[in-house]
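Structural characterization, general
Next come the chains, spelled out residue by residue.
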Number of protein chains: 2
Amino acid sequence: MALSSVHASDTEADTPRLNRRQAAKVRTRQKVLDAARTLFAERGYEPATIRDIAKGAGMSTGAVFANFQDKAELFEAVLSEDLARLAETLRSASAGETSTRGRLLATLTAGYHESLEQLPLVQAVVARSWFQPVAAEVRTRAAIKPLVDVVTDILQAGVREGELRQDADLRLLAELIYGAFLSNYRHAAYDNWGIDQLVSQIGKQVDVILAGSLARQ
Amino acid sequence: MALSSVHASDTEADTPRLNRRQAAKVRTRQKVLDAARTLFAERGYEPATIRDIAKGAGMSTGAVFANFQDKAELFEAVLSEDLARLAETLRSASAGETSTRGRLLATLTAGYHESLEQLPLVQAVVARSWFQPVAAEVRTRAAIKPLVDVVTDILQAGVREGELRQDADLRLLAELIYGAFLSNYRHAAYDNWGIDQLVSQIGKQVDVILAGSLARQ
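Residues numbered from 1 in each chain as written. Chains lettered and ligands numbered in written order. Predicted model: local features only at pLDDT ≥ 70, side-chain atom pairs only at ≥ 80, totals over all residues. Heavy atoms only, no water.

Per an unreviewed UniProt entry, chain A goes by the name AcrR family transcriptional regulator and belongs to Brevundimonas lenta.

Have a look at this one:
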C-alpha cells in the first residue's frame, strides 16, 4: 500500500499534470471505451451500434464522435487496450516455468483462457484483419505486437539458456506459433473445442515448430 | 484426338444419359457459375450483385435463383469448382520433383501462381471462413479438402520413401503447412509481396515444420 503510493507520486512527478478539462476528456474517452468493450464482447462488431455504445456510456452519440471518428477507430482502440493488458497477463503466466515449452504452453493456455469467452469477438477481429485498409492493418499489427513479443521473448530466453540453437530464426518461429494459436480458434468456433482440446493441439503444434531448433543435447 | 473420343464414349456408357431438359439445366447452371466467377474475381464478394451476375450470364435474376438459393451458395459452388481444378494443377506441379521439400515447394509455388491475381477473392474467402454458419463451414472444408489432400499425399510419399519418419503426424504437418501457406497472403495483401517473397517465406516455413519429422540420415 505504502509502496504503491510512493510509485504513484513518482509517476506524477515524471508526467505532466492534466488540467481539469483534459482530465475530464480522458475520463469521457475511457467511459466510451468501456461501454464499447462491453457491447463488442456481448454482440460482436457488426451488431454493436454507436447509438447503443453511447447509451451504455450514458452520453450522446455526438459525445462519442467527439472522441472517435467512427466505429472502426473505436474498435481498434478497445482492441489495443485489451491486447496490451492481455500481453501482461500472458507474460506473468509463464513466470513459474523453466523450459521453453513450459513457458510457451503456460502463456498460450492463459491466452485461450482469457479469450475463449469472447470467441465471437476473436472471430470478428481475425475476419476483419483479412480485409481492411492498409492503415487499419498497420494499427492492428501495432496492437498485436505485444502478444507476439511475449512469444519472441520466451524464445530468446530459450536461446540464452542454451535450449534453442543460436541460429534459430526466432521471428519465423514466433509467427508460426502465433499463427497456429490463432488458427485453433476455428475449431473452437465450428467444432466446439474447449480449453483442453485447444491446449492439447497447440502443444503438439509447438513441438513440431520447435523440433528443428532444439540445441543438440 | 482418337484417344479422347474413346474415353468420351467410355464415359457416356458408364454414366446415365441426361435428357434434353436436364442437359439444358446443367448448361444454365454452368453459365451462371462462369458469370459469377468472373464477377467475384473482378470485384470480390460483397460488390458482386446477383443482378450483375445474371446480366453477365445473359439471363434473368429469376433464372439465377432457380439454380442457387442465394449469393452465398453461388459463391461456394464457384469456390468448390475452382479449388477442385486448382488441386489437379497443384498435384501435377509436383510430378517432376523427387524430394518431399521439392514436391511441396513446387506445389505451393504453383498455388501462389494460380491465385495471386485473385488476391481480393482469396482475402474474401479467408475472412468469410472466420465468420460463417456451421453449415457453410462444413461446405468450405469439403471444398478445401482436395488442396490439403495434395499436401498430405506428398507427405505420405515422403514416409513411404523413407524421407520422413514413420511416426510423423501427417495431418498435423499438413494443417500447419496449409495454415502457413494461407497466412502469407496477408503479406501479399498489405506488404506488396510478390511470388518470389511468398515462395521464399513458405520455403523457410516448410523447413521449420518438417525439421522434426525427417528420418535420421
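1. Here we look at the packing of aromatic side chains
All names here are of chain A. The tally for this structure, following the rule as stated, stands at eight aromatic pairs over all chains. Residues Y112 and F181 carry aromatic rings whose centres are separated by 4.2 Å and whose planes lie at 25° to one another, so their mutual orientation is stacked. Of the two residues, Y112 is situated in helix α6 (residues 100-115) and F181 in helix α9 (residues 170-183); the sequence distance between them amounts to 69 residues. Among the residues examined, Y112 registers a relative accessible area of 0% and is labelled buried. Measuring from centroid to centroid gives 5.5 Å for F181 and Y185, while their planes differ by 85°, and the two rings are edge-to-face. Y185 carries the same exposure label as F181, and that label is buried. Among the aromatic residues, those joined into a ring-pair cluster are Y112, F181 and Y185. (Phe/Tyr/Trp six-rings, centres within 6.5 Å; stacked < 30°, edge-to-face > 60°. Helix = DSSP H or I, 4+ residues; strand = E, 2+ residues; numbered from the N terminus. Buried < 20%, exposed > 50% of the residue type's maximum accessible area, 1.4 Å probe, protein only.)

2. Structural notes on the relation of the copies chain B and chain A
Mapping chain B onto chain A leaves a residual RMSD of 0.0 Å; the transformation is a rotation of 180° accompanied by 0.0 Å of translation along its axis. Here the copies are linked by what is in effect a two-fold axis. Among all residues of chain B, the one whose C-alpha sits closest to the rotation axis is B:A127, at a distance of 2.1 Å. Most of the interface of chain B is mirrored in chain A: 100% of its interface residues are interface residues there too. (Least-squares fit on C-alpha atoms with pLDDT ≥ 70 in both. Contact = heavy atoms within 4.5 Å.)

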